[in-house]
Amino acid sequence: MNVIERFKEIIAKELEAELLPFLKALSPDEKKQLTPLIKTWSQEYRAYRTGFEQEDETARTRLQQEMVQQCAFVCLNRADYERSVFHGWFLQQPVFKEIIEWYVPHWLSDYVNGTIDHEFIRWEYNWLMDAVEIGILQPSKEIVTKSIPAIIFEYDTKARHYVCKPENLLKRPITLLEHIWYLFQYESNLHNCDRFFRFDEIPEKGRSRWQSVFLQLAAEGTIDRQRLLKESLLASNKNFNKVLSGWFIQLFTDCKPTTVELIALQKELISVLNAPHSKSVNAALNAIKNIQPEAAFNSQPLLDAAPALLASDTKAIVQTTLSILESISRQQPQHATNIGLLACHAFIHPDDGLQQKAAKLITAVIKPGDASLPEALEPYKTTLLTSARKLLTGYMESSPSATQSASAIYAENETPANKELVPIKAIASIDELIFLASQAFENNQPWHIAVFPAALVQWQQKIQPADWQKFEPALQRALKTKPATFTARQGDLDYLLALFFIQACAHWVSLYPQQTKALRKQLEKFPPAAPSSTATYTPSSFHAQIETHYVLNPCGPYQHLLDCALQKLQQPDPLPLLSTPTHEPGFIDALTLTERLVQYEESNTPPHDMDLQVAISRCYLHNTGPAIDLAEKKLGGEYRNLLLFLFDKHPEPQPPFQWRSAWMIASLTKKQKRTYKAFGSFPWYKQPFSYYSGQHQWESVSEAFEEKDLDRKKMEVRTVTRYRTSMRVIEHPNTIKADNASLTNQPLIIGDYLRFKKYVSISHNDFHRILLLTPNNPDPLLADTLNTCLTWPQFWEEEDRKGATAAVQALHSTMEGFGNMAHVFVATCMLSADKTIANLAAEIWIAGVNNNTISSAAIGEALGIHEKVEFAPIKRFTDLVMQRLIRLSPRHNRELQLVIEQVLKQLPGEPITNVKKLLEVYLELLALNNSQVNDPSVIDKLNSWKGTKTIQKIAATLLASN
């Protein structure tokens, strides 16, 4: 019997007692013979199979698996051993001790140290030390560090819970002399190593078991207390994760160091001021604050670090730094002037309390007329708030009043009210068309999906035989564009556009077989995934691919537009698509739309219904005078009346109404968005008008809900009642649900497709392009976005965040048709926890004020309704105001004052959390606008709040300005 047969016999019969002698007797060559079989069996287990696949197909047991693992350790090299199933677990089993008596692989230490980042391998500290003591292992410091946290926890099998045993640290002298200090040098899970353990006792609130152990060891003198303080400080600044860094600085604080101990740690305290986490910096500053009055304290290193501390985003750090500087200026007058100049760095923060504190410090240490101060204040003229500016009046050169300052400094930021659109460059050559085709499926521009099909229609008769093969790269991209392989920017609309282009190429192949051989070759490589499984693309392939998925979906209008373009390619039809945008991001110039309709009327060709709908919906309704003149001269009948109604030349619609869908879309595109008696027979009037206009009611509420909660002390699950805030858009009670049956029983307009169905929403990559179907009427889509993505003050799913971001980006690009829901949407986004969304909402308001397209009163009212129930922390809004909205221009300051007044009018009689900050912002705006509190509702609100201690002073100041 050869060695392989003997090995199979031992495993098959589970001759465990004979395995180790067999392995011990193997020569190097025999080990090599067994290696392929051992690797094969190990890989089979790694693939989660239940047994070995041998010729006899006998099922194998767990014991057989463990025996194979022993063989792997003895016979395989390190790389192959690491691919076995239980490579880490095996080394800590009793049989390992028997094997190492006669075999220790040379790679053992490298293997153990190489598992430092392995997620599921944790070496026991005592196992490591045993291996070290017998001389078979040299573990790295990092490996030892990872093993220490679990050493003090043992499981009580009788009581069925864990117990904490600090005495385990005393078993080996080296543990406390050396190894325990590794915890302060290398990152570990020390801060949460027991989070999944059940204990009988509850640790002291705010303190972990390991922190208690360190305090106990220091109190007993088992470890050096001064070293513990020093190492804790340094560990908090070692670029560990935020929680672990906070754990170490909390340990330092819990040690309650004395003044003498802190004086000895000055160097370490100063170094922690550069820590990346604010908790560490705050703790170091508080310790410095305690020892600063001492004669042994060296203030110069702190003064050197002051500029960075005063520029910190953490308010507490800036406050503490200013307090320490103030104390130093009193005790060490030689530093007074330097401290006053350093305090100017605090003016970068748009916080009234910080600026007043800094200004008072400056006035206390520097006398008026000091030549160095005006120069130091110069960079902060645009950020100085009114209260600080008043305190520093005698220190600033030619200091204007608050109102004059706003006008003088920010007047250049006033922008014209007229919005200028950017024209979309027309395709002027075949080369430009081919270049557009190469990027049309990547969603690089929202208008590509409209301009590309229109360009194909325009240029199809001018394409030369040599040009057809140039479309091959674009066709390859289209064939590879599938939902399963979308890039980060692609969505369903890119798939639709790809299918359209594939069908267009199939049409060209059928017309010009000789010139389009390259295109045919590509089409034959990628047969369509249509239900018919045809070998090539037939004329019905486009419809077969998309009809089931998109016809009653928000992408449906684009399906119809692409179908219209395909028909124009197949007929061929030289007339342009009406809906092709002329200006970014997707508007149509009114004059261009009129010229296109003139072409249709002159050729006596009726337009495609959806093409006409989208064209009217995209029309940019500004400077329509030339379009009105052309319509009156060149158009007649219904086309003429339709456009004159759209352009507000006719205040009421004039019959006939053959194109009823177009008339309905025109009424939704106009700014007024109202019903018309003449349209009373239209099928869409069966729905409430808000169904299509998006002008819904809404509410922001605080509601109770029940959830299960675990009482960790009693280990019981109980039902608790909690409260949460949410917002909801309320549809008209007579709304007919937009299911498939109701839609197919009437003619469809754009709004019918855009209604979300259950479990169907718009991909964030498609939202911008779908909004551009109705850029003058965004409210229906925004209402659905509010209901699906912004119901809660935080995002529970990443898709909600992406959806809200896409919606606010799309609205920022159009800036038209702001109705009630658009204002509610912008206000809600201003309260978002996502800074990108909040900042985009701020930009929308800024641009809206510039262009007179937004109502600040409506924004303020919506914010106030939210904050009446504290939907989200008001601090999110006040921070946004101070960082992005205030002091942009006198005009913006006036509008911002209106926003805040509307917020205040909606707030409840009991002050909400952080309303003081809102009042401070309001006071600043009153000073900037040279205004006073005139609104009776705001005055009443301030009177009702002036008895509240926290806002008594600011309320009295505001009332005094009346």
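All residue numbers here refer to positions counted from 1 along the written sequence of the relevant chain. Whole-chain, interface and lining totals are the exception, using all residues; otherwise, since this is a predicted model, local features are given only for residues with pLDDT of at least 70 and side-chain atom pairs are given and counted only at 80 or more. The basis for the side-chain values is all heavy atoms of the structure; hydrogens and waters are excluded.

1. Comments concerning the overall build of the protein chain
No. 1: Helix and strand assignments follow DSSP, with helices taken as H or I runs no shorter than four residues and strands as E runs no shorter than two, numbered in order from the N terminus. A tally of regular secondary structure across the protein chain gives 50 helices and 6 strands.
No. 2: Along the longest, intermediate and shortest principal axes, the C-alpha atoms of the protein chain span 105 × 95 × 55 Å.
No. 3: Exposed residues in this analysis have more than 50% of their type's maximum accessible area, buried residues have under 20%, and partly exposed residues fall in between, with area computed by a 1.4 Å probe over protein chains only. Looking at the 962 residues of the protein chain, the share that counts as buried comes to 53%.
No. 4: By definition in these notes, contact holds between two residues if any of their heavy atoms fall within 4.5 Å. Taking the intrachain contacts of the protein chain between residues at least 6 apart in sequence as the baseline, contacts between residues at least 24 apart amount to 69%.
No. 5: Using a 1.4 Å probe, the Shrake-Rupley method yields the accessible areas, and only the shown protein chains count as cover for residues. Entry remark: accessible area of the protein chain is about 44,300 Å², with carbon and sulfur atoms responsible for 50%.
No. 6: In this charge count, Lys and Arg are treated as positive and Asp and Glu as negative; neither His nor the chain ends contribute. Each charge is placed at NZ for Lys, CZ for Arg, CG for Asp and CD for Glu. Seen as two clouds, the 100 positive and the 106 negative side-chain charges of the protein chain have centres 3 Å apart.

2. Concerning the confidence of the model for the protein chain
No. 1: Overall, the predicted model of the protein chain reaches an average pLDDT of 87, with 91% of residues at or above 70.
No. 2: Per-residue confidence from the prediction method is given by pLDDT, with values spanning 0 to 100. Considering only residues more than four positions removed or in separate chains, one finds that residues 399-413, a stretch of pLDDT under 50, has 28 contacts.
No. 3: Low pLDDT, under 50, characterises residues 546-550; the stretch is placed with 9 contacts to residues that sit more than four places away or in other chains.

3. Some details on the side chain of Asp-611
No. 1: Structurally, Asp-611 is set in helix H33 (residues 609-617).
No. 2: For salt bridges, the criterion is a side-chain nitrogen of Lys or Arg within 4 Å of an Asp or Glu carboxyl oxygen. No salt bridge forms around the buried Asp-611; measuring N to O, its nearest opposite-charge neighbour Lys-568 is 5.8 Å away.
No. 3: Distance and chemistry together define a polar contact, namely a pair of N or O atoms within 3.5 Å, with one atom able to donate a hydrogen and the other to accept it when in protein, and with adjacent residues in sequence counting only for side-chain atoms on both sides. A distance of 2.8 Å separates a polar atom in the side chain of Asp-611 from the backbone nitrogen of Leu-578.
No. 4: When near neighbours in sequence (up to four residues on either side) are disregarded, Asp-611 contacts Leu-561, Cys-564, Leu-577, Leu-578, Ser-579 and Tyr-600.

4. Quick word on the pairing of strand E2 (residues 161-164)
No. 1: Relative to E2, strand E1 (residues 153-156) runs antiparallel, the two sharing 4 bridges. Its bridge partner being in E2, Asp-156 is matched across the sheet by His-161.
No. 2: When DSSP finds at least two bridges between two strands, those strands are taken to pair. What sits between the antiparallel neighbours E1 and E2 is a turn of 4 residues, in which Arg-160 has the positive phi angle 60 degrees.

5. A short note on the pattern of salt bridges
No. 1: Evaluation of the coordinates by the stated rule reveals 39 salt bridges.
No. 2: Between Lys-39 and Asp-80 there is a salt bridge, with its nearest N and O atoms 3.8 Å apart. Residue Lys-39 is located in helix H3 (residues 28-46), and its partner Asp-80 is located in helix H5 (residues 78-82); the two are separated by 41 residues in the primary sequence.
No. 3: Classification of Lys-39 as partly exposed rests on a relative accessible area of 34%.
No. 4: Since its relative accessible area comes to 13%, Asp-80 is described here as buried.
No. 5: The salt bridge partner of Asp-709 is Arg-718, with a shortest N-O separation of 3.9 Å.
No. 6: Taking the relative accessible area as the measure of exposure, Arg-718 reaches 44% and is therefore partly exposed.
No. 7: Counted as one network, the salt bridges with shared partners bring together Arg-6, Glu-9, Lys-13 and Glu-18.

6. A few points about unusual backbone geometry
No. 1: Residues Glu-584 and Pro-585 are joined by a peptide bond in cis, for which omega reads -5 degrees.
No. 2: Looking at the element boundaries, Pro-585 is found in the loop between helix H31 (556-570) and strand E3 (588-589).
No. 3: Note that the residue after Pro-655, namely Pro-656, is joined by a cis bond; omega there is 10 degrees.
No. 4: In this structure, Arg-160 takes a positive phi of about 60 degrees despite not being glycine.
No. 5: Within the fold, Arg-160 resides in the loop between E1 and E2.
No. 6: At Asn-239, a position not held by glycine, the phi torsion is positive, near 60 degrees.
No. 7: Within the element layout of this structure, Asn-239 appears in the loop between helix H13 (225-235) and helix H14 (242-254).
No. 8: Since its relative accessible area comes to 62%, Asn-239 is described here as exposed.

7. Quick word on the packing of aromatic side chains
No. 1: Centres within 6.5 Å are what make two rings of Phe, Tyr or Trp a pair, Trp counting through its six-membered ring; a difference in plane orientation under 30 degrees is then read as stacked, over 60 as edge-to-face, and the rest as tilted. Tallied over the entire structure, the rule returns 52 aromatic pairs.
No. 2: Ring plane angle 90 degrees and centroid distance 6.4 Å describe the contact between Phe-90 and Phe-96, whose orientation is recorded as edge-to-face.
No. 3: By relative accessible area, which is 2% here, Phe-90 ends up buried.
No. 4: Its relative accessible area of 2% is what places Phe-96 among the buried residues.

8. Some remarks on the nonpolar core
No. 1: Grouped together as the largest cluster of nonpolar side chains are 173 residues, with contacts concentrated most on Phe-452, Phe-501, Met-830, Trp-845 and Phe-877.
No. 2: Each domain's extent is set by a domain assignment, obtained either automatically or from a database. Three or more residues apiece are contributed to this core by two domains, here domain 3 (421-574) and domain 4 (875-961).
No. 3: Beyond its immediate sequence surroundings of up to four residues, Trp-845 is in contact with Met-830, Ile-854, Ser-856, Ile-859, Leu-885, His-892, Glu-895, Leu-896 and Val-899.
No. 4: Residues Val-3, Ala-218, Leu-342 and Tyr-380 belong to the second largest nonpolar core, which totals 126 residues. By convention a nonpolar core is built from buried Ala, Val, Leu, Ile, Met, Phe, Trp, Tyr and Cys residues, the set being connected through side-chain atoms within 4.5 Å.

9. Points about the environment of Ala-359
No. 1: Along the chain, Ala-359 turns up in helix H21 (residues 352-365).
No. 2: Owing to a relative accessible area of 0%, Ala-359 belongs among the buried residues under this scheme.
No. 3: In the structure, Ala-359 is positioned 25 residues away from Leu-384 in sequence and 9.9 Å away in space, judged by C-alpha atoms.
No. 4: Not counting chain neighbours up to four residues away, the residues in contact with Ala-359 comprise Phe-347, Ala-388, Leu-391 and Leu-392.

10. As for helix H42 (residues 798-814)
Each full turn of the α-helix corresponds to 3.6 residues, which orients residues three or four apart in the same direction.
No. 1: The terminal C-alpha atoms of H42, which comprises 17 residues, lie 25 Å apart, in line with the 24 Å expected from a rise of 1.5 Å per residue.
No. 2: Considered for burial, the residues of H42 that qualify are Asp-800, Gly-803, Ala-804, Thr-805, Ala-806, Ala-807, Val-808, Ala-810, Leu-811 and Thr-814.
No. 3: Here the buried face of H42 lies against helix H40 (767-771), helix H41 (779-789), helix H43 (820-830) and helix H44 (835-851).
No. 4: Downstream of H42 by a residue or two, Met-815 has a phi angle that is positive, lying close to 55 degrees. Here, expected helix span is obtained from the residue count minus one, scaled by 1.5 Å.

11. Observations concerning the environment of Leu-373
No. 1: Topologically, Leu-373 is positioned in helix H22 (residues 372-377).
No. 2: For Leu-373 and Leu-896, which are 523 residues apart along the polypeptide, the C-alpha to C-alpha distance reads 32 Å.

12. A few points about empty space enclosed by the protein
No. 1: Points on a 1 Å grid, built from protein atoms alone, make a cavity when a 1.4 Å probe fits but cannot get out and make a pocket when they are open with protein on both sides within 12 Å along at least 5 of 7 lines; residues with an atom within 4 Å of a point are the lining residues. Grid points are joined across faces, edges and corners, and a volume is the space filled by probe spheres set on the points. A full pass over the atoms with the stated rule returns 7 cavities of 30 Å³ or more.
No. 2: In this structure, the largest cavity occupies an estimated 120 Å³ of space.
No. 3: Around the largest cavity, the lining residues are Ser-617, Ile-665, Leu-668, Thr-669, Tyr-692, Gly-751, Leu-754, Arg-755, Thr-774, Asn-777, Pro-780 and Leu-781.
No. 4: Secondary structure elements with two or more residues in the lining of the largest cavity: helix H36 (660-669), helix H39 (750-754) and H41.
No. 5: Under the scheme applied here, ten amino acids are nonpolar (Ala, Val, Leu, Ile, Met, Phe, Trp, Tyr, Cys and Pro), four are charged (Asp, Glu, Lys and Arg), and all others, including Gly, are polar. Residue composition of the lining of the largest cavity, by class: 6 nonpolar, 5 polar and 1 charged.

13. Regarding H41
No. 1: Here H41 lies mainly inside the structure; 9 of its 11 residues are buried.
No. 2: Of the residues making up H41, those classed as buried are Asp-779, Pro-780, Leu-781, Leu-782, Ala-783, Asp-784, Thr-785, Leu-786 and Cys-789.
No. 3: Packed against the buried residues of H41 are helix H37 (690-693), strand E6 (716-730), H39, H40, H42 and H43.

14. Comments concerning the layout of surface pockets
No. 1: Computed from the structure, the second largest pocket encloses a volume of approximately 810 Å³.
No. 2: As for the second largest pocket, its lining consists of 31 residues, of which Leu-621, His-622, Lys-671, Glu-816 and Thr-853 are closest to the centre.
No. 3: Here the residues of the lining of the second largest pocket sort into 9 nonpolar, 14 polar and 8 charged.

15. Topic: the packing of helix H28 (residues 492-511) against H31
No. 1: Geometry is summarised by axes, namely lines fitted to C-alpha atoms with helices restricted to the contacting stretch, and by angles between N-to-C directions that run from 0 to 180 degrees. Orientation of H28 relative to H31, taken along the N-to-C sense of each, is 15 degrees, at an axis distance of 10 Å. Our classification of the angle between H28 and H31 gives roughly parallel. Regarding H28 and H31, the two cross each other, and that crossing is right-handed. Side by side, H28 and H31 meet where Leu-493, Leu-496, Leu-497, Phe-500, Gln-503, Ala-504 and His-507 of the first sit next to Tyr-558, Gln-559, Leu-562, Ala-565, Leu-566, Leu-569 and Gln-570 of the second.
No. 2: Classifying every residue of the contact of H28 with H31 by side-chain character gives 10 nonpolar, 4 polar and no charged. With respect to orientation, any angle under 35 degrees is reported as roughly parallel, any angle over 145 as roughly antiparallel, any angle of 65 to 115 as roughly perpendicular, and every other angle as oblique. Crossing chirality is assigned from the near helix's rotation relative to the far helix, an anticlockwise turn below a right angle marking it left-handed and a clockwise turn marking it right-handed.

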